[in-house]
Amino acid sequence: SKAVQAEAAFLFYSEEMNQRAKEHLRIESELRLALQRNELQLYYQPKVSLRSGRIVGAEALLRWRHPVRGMVSPGVFIPVAEETGLILELGNWVLEEACRQVRAWKDANLIMPPVAVNLSARQFDRRLPERMADVLQRHQVQPEQIMLEITESLLVGGAENVVSIMNELVAMGLALALDDFGTGYSSLAYLKKFPISTLKIDRSFVIGLPYEENDCAIARAIVTMAQQLRQEIVAEGVETAEQMSFLRDLGCDQLQGYLFSQPVPAEDFERMLREGKRLAFTVR
Ligand code: C2E
Ligand code: MG
Ligand code: MG
Ligand code: MG
């Protein structure tokens, strides 16, 4: 009967929810331990200039080496951390670790390009400028060394306090990048309200280049607009020489992607910088 079917569906559904909730709880409690047990690490992925081929920046990406499960992807644990609020602790750890590493590189006489750190919307509150000033000061890191990557979700609604927090950060010397651009709901006109110096074209539009007409049109529109707004453009997830050529011809400034390097541990990033690893442009 219908009622029996409905009940079966409900039981099935709630069993599935139950599993998800359990998984969620497990990740949450293990993530708390991860902070204490030093299971977290930052990897660094180079950003490369499409003019010089040189490394001009890096993005710090969080990695969790779980003692039993191995590498857990941020795609799995960041959403859990966001929901539980644990992202605030994780986010502070990331800022602390990125500044510590930048300081260590400076002390080792490395010429460091800016390092970008991802920020969750939940970290973006009134106290953020103060927290940034504190961590920079403790590690003796110049604000110009750090870039903050934020996502469009923060802009939607255009909350006045968001604009003023951004202005405070920029006045301190920090640069702001808009991550995953094109996947959210912010309109182009909207963007000029915010003191953002860099736009990162989301990987989902880069994948189809240069063969998918729609992706080409979107990439072209984003680059054209960013040039008008005098923003730097970084293309995410560039994997092929064809994608690179297309983006370069468009006038895109930088690329970040497996074509040049995956995210790597600090030592490997340092080696790339020391060896002056460059992007080869000859391949077509
Ligand atoms: P994101 O900030 O957009 O970072 C770029 C993601 O694209 C990274 O995934 C990177 O490994 C991946 N990627 C880069 N180049 C390529 C490529 O050529 N091909 C492919 N297939 N992928 C590429 P990852 O490290 O797994 O991070 C995923 C997301 O997790 C990040 O996306 C970011 O939203 C979030 N995340 C990572 N670390 C942090 C963090 O410290 N704090 C916060 N709040 N979020 C973080
Ligand atoms: Mg990012
Ligand atoms: Mg991104
Ligand atoms: Mg992305």
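In this text, all values refer to a predicted model and were calculated from it rather than measured experimentally. (Residues numbered from 1 in each chain as written. Chains lettered and ligands numbered in written order. Predicted model: local features only at pLDDT ≥ 70, side-chain atom pairs only at ≥ 80, totals over all residues. Heavy atoms only, no water.)

As for the coordination of the magnesium ion (ligand 3)
Phase 1 of the analysis: The coordination sphere of the magnesium ion (ligand 3), as far as protein atoms go, consists of Asp-179 (OD), Asp-180 (OD) and Glu-236 (OE), spread over 1.6 to 2.6 Å.
Phase 2 of the analysis: Spacing between the donor residues of the magnesium ion (ligand 3) along the chain follows D-D-x55-E.
Phase 3 of the analysis: A separation of 3.6 Å is found between the magnesium ion (ligand 3) and the magnesium ion (ligand 2), which share Asp-179 as a coordinating residue.
Phase 4 of the analysis: Assessed through its relative accessible area of 5%, Asp-179 is described here as buried.
Phase 5 of the analysis: Judged by relative accessible area, Asp-180 falls into the partly exposed class, the value being 25%. (Donors = N, O, S within 2.8 Å, 3.2 Å for Na, K, Ca; no water. Buried < 20%, exposed > 50% of the residue type's maximum accessible area, 1.4 Å probe, protein only.)

A few points about the pairing of strand β4 (residues 115-118)
Phase 1 of the analysis: As judged from the three bridges shared by strand β2 (residues 55-66) and β4, these two strands associate in the parallel manner. Each residue of the ladder has a partner; that of Ala-60, found in β4, is Val-117.
Phase 2 of the analysis: In terms of handedness, the path from β4 via helix α4 (residues 128-139) over to strand β5 (residues 146-151) forms a crossover that is right-handed. (Pairing = 2+ DSSP bridges. Helix = DSSP H or I, 4+ residues; strand = E, 2+ residues; numbered from the N terminus. Right-handed = clockwise from strand over helix to strand, strands pointing away.)

Observations concerning empty space enclosed by the protein
Phase 1 of the analysis: In this structure the tally under the stated criterion is one cavity of 30 Å³ or more.
Phase 2 of the analysis: Leu-119, Ser-120, Ala-121, Phe-124, Ile-150, Thr-151 and Leu-154 together form the lining of the largest cavity.
Phase 3 of the analysis: Split by residue class, the lining of the largest cavity holds five nonpolar, two polar and no charged. (1 Å grid on protein atoms, 1.4 Å probe; cavity = no way out; pocket = protein on both sides within 12 Å on 5 of 7 lines; lining within 4 Å. Points joined across faces, edges and corners; volume = space filled by probe spheres on them. Nonpolar A, V, L, I, M, F, W, Y, C, P; charged D, E, K, R; others polar.)

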